[in-house]
Amino acid sequence: MSLELKIRAAQAAFDELESGVRLGIGTGSTADEFIRILAAAVKDGFEVVGVPTSERSRALCEELGVPLATLEEMPELDITVDGADEIDPALNLIKGGGGALLREKIVACASKTMIVIADSSKLVETLGAFPLPIEVNRFGLGATRVGVRKLADSLGLTGEIALRGGEADPFVTDGGHVILDASFGRIPDSKALADGLKEIPGVVQHGLFLGIASLAVVASRDGVDVIRPQVEG
Ligand code: 5RP
């Protein structure tokens, strides 16, 4: 996605906010643009207290002077603004391309509203072309991987399940866990997969955000669309 489209989506999401908002602040290159817009507004008197979804976003907010709190200090938030890797018509998402899915989900679920910011290339009919990030405990990684494989087989999902960063030097999340990226290609029943993943003890969290987002602000060359979930059936 071009920088210009990221900025447009971020600006349109910022325009939805009112001064005084208790704000969850997402992670990723689109969220970075949102943080820059927010920081400029703070300098002009916009009032906000933000809870960042990663150490990366925390560092950028601190550098730019966005006032922050922890989720312990402010456990209920008004709105979270965050990016996504895929968005389906019901506004179900795949997230975690940047590795922040656990904190992103905790913060989004502590918020009354989640606004997704993205460009139109993130819109899909069915989730799954983007490899699904699954955050897992480092203890028992092999067993957890077997559990994920068996679950996938039972749902007819094929494709590689790769340790992010590779076996020798895996990527480690802010929570100290590792990530399995599951290249299923297409996930026809995301609810069954999400439910099954929760049953595997070593799975800490997964990047399926089902029924969490209330609004997507999607930028394309033609402008910015505000999309609300299409209810199935
Ligand atoms: C990080 C995420 C990001 O929101 C997602 O990967 C989108 O990132 P970008 O805005 O850079 O395309 O889920 O964990």
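Predicted model, so just to flag it, every value in this text is computed and none were measured.

Draft legend 1. Region of the structure containing the site of the ligand. With respect to spatial proximity, 16 residues lie near the ligand, and among them S29, T30, D85, G96 and K122 are the closest. A distance of 2.8 Å separates an oxygen atom of the ligand from a polar backbone atom of G96. At 3.5 Å, a backbone N or O of G97 approaches an oxygen atom of the ligand. Contact with the protein chains covers 89% of the free accessible surface of the ligand, which is 380 Å².

Draft legend 2. Main features of the packing of aromatic side chains. For the structure on display, the rule yields 1 aromatic pair. One cation-aromatic arrangement involves K95 over F209; the distance from NZ or CZ to the ring centre is 5.7 Å. Seen from the ring of F171, R164 lies directly overhead, with NZ or CZ sitting 5.6 Å from the centre.

Draft legend 3. Representation of the environment of I106. Looking at where I106 falls in the secondary structure, it is placed in helix α4 (residues 101-109). Sequence spacing of I106 and T53 is 53 residues, and the spatial spacing of their C-alpha atoms is 8.4 Å.

Calculation rules
- Residues numbered from 1 in each chain as written.
- Predicted model: local features only at pLDDT ≥ 70, side-chain atom pairs only at ≥ 80, totals over all residues.
- Heavy atoms only, no water.
- Near = heavy atom within 4 Å.
- Polar contact = N/O pair within 3.5 Å; in protein donor to acceptor, adjacent residues only side chain to side chain.
- Areas by Shrake-Rupley, 256 points an atom, 1.4 Å probe, with all protein chains shown as cover.
- Phe/Tyr/Trp six-rings, centres within 6.5 Å; stacked < 30°, edge-to-face > 60°.
- Lys NZ or Arg CZ within 6 Å of the ring centre and 35° of its normal.
- Helix = DSSP H or I, 4+ residues; strand = E, 2+ residues; numbered from the N terminus.

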